[in-house]
Amino acid sequence: MFENLSERLSGVFDRLTKQGALSEDDVRAALREVRVALLEADVSLDVTREFIKRVQKKATGASVTKSITPGQQVVKIVHDELIATLEGEGDPGALKIDNPPASLLMVGLQGSGKTTTTAKLARRLTEREGKRVLMASLDTNRPAAMEQLAILGGQIGVDTLPIVAGQNAVQIAKRAKQQATLGGYDVYLLDTAGRLHIDEALMAEVQAVRDAVSPRETLLVVDGLTGQDAVNVAAEFDGKVGVTGVVLTRMDGDGRGGAALSMRAVTGKPIRFVGLGEKTDALEVFDPKRVAGRILG
Ligand code: GDP
């Protein structure tokens, strides 16, 4: 995902660390290249600007240029700022699912990987945390999506709410809650309907479901390959329904990675998980330190 960015930055920093003494101009020139590399990776302009400003502030002045390894010092500052840009508060993998049955609302556009991610999370909660999990699809417009979730449930050994024709999303959500309560489930995941674009009807439906079940977590699933669009989608969903975190999918792809770097800074919401493939075990807790390490190669 970050190959291009990583390559660009390692070129800049290789040159910098080979030099002995650094002037403030050297640092400034290097940061200009970092700026271009970030913009090319589709990091938003504001985030890039702020990032460079913070690094510049820490890197200029006596502390860096007079240190024994000035180049490495600059790299360390960039590394630390990358982590600060990516990091939210608390453990991204710790879902608030105490007090059973806890509801987990999955929202996002059609094709973002929402249904797959629902199954991935259900599998994770079942296998790693020993939770009893129920999944329900609320996508009444697309019977195939409902069946897809049932098939995935069968594959991973997680129960899905039986499909009842003619019910609307809120009715299904309430039925899921009831079934989760009566059936002694720890958590129920609601896979809401997506649309190709954000529209009022979609938001109204998600809001109605949210109001019906008061979810403990609302996770937005966005396609990491879509760069700044992913960030815009997140900002809109958060404004309309309020999300507690983001899952970035397709991070195994060859996108430029800008969505990951802009997400928290623009939306204020942390990335909680990343999708790294189509299989139901291809989900990882988002790890800012590892991502920063990968970006710096
Ligand atoms: P939905 O419409 O949002 O529910 O999207 P789906 O879950 O049906 O996913 C759409 C397509 O993206 C499917 O072919 C998934 O296998 C694929 N997909 C989902 N997540 C990932 C991921 O993290 N990496 C890759 N490579 N493919 C993914």
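Residues numbered from 1 in each chain as written. Predicted model: local features only at pLDDT ≥ 70, side-chain atom pairs only at ≥ 80, totals over all residues. Heavy atoms only, no water.

Caption draft 1: Region of interest: the pattern of salt bridges. Within this structure, the stated rule accounts for 21 salt bridges. For the salt bridge of K269 with D238, the shortest nitrogen-to-oxygen distance reads 3.3 Å. Of this pair, K269 sits in the loop between α11 (258-267) and β7 (271-275) while D238 sits in helix α10 (residues 228-241), and the two are 31 residues apart along the sequence. Among the salt bridges present, the one from R290 reaches E284, with a minimum N-O distance of 2.9 Å. Of the residues examined, R290 reaches a relative accessible area of 41% and is grouped as partly exposed. Each of the salt bridges in this network shares a partner with another, and the network as a whole consists of E24, D25 and R28. (Salt bridge = Lys/Arg side-chain N within 4 Å of Asp/Glu carboxyl O. Helix = DSSP H or I, 4+ residues; strand = E, 2+ residues; numbered from the N terminus. Buried < 20%, exposed > 50% of the residue type's maximum accessible area, 1.4 Å probe, protein only.)

Caption draft 2: The arrangement of the pairing of β7 in detail. The buried fraction of β7 is high, at five of five residues. In this sheet, β7 lies alongside strand β6 (residues 245-249) in parallel orientation, the contact comprising three bridges. Note on β7: the bridge partner recorded for L248 is V274. Where the polypeptide runs from β6 across α11 and back to β7, its parallel neighbour, the crossover connection is right-handed. With three bridges connecting them, β7 and strand β8 (residues 283-285) associate as antiparallel partners. Bridge pairing in β8 places F273 opposite V285. (Pairing = 2+ DSSP bridges. Right-handed = clockwise from strand over helix to strand, strands pointing away.)

Caption draft 3: Seen up close, the side chain of R175. Here R175 is to be found in helix α8 (residues 169-182). Buried charged residue R175 carries no salt bridge. Nearest counter-charge: D159, at 13 Å. With residues near it in sequence (within four places) discarded, R175 still touches L161, P162, I163, V164 and Q167. (Lys, Arg positive; Asp, Glu negative; His and termini not counted. Contact = heavy atoms within 4.5 Å.)

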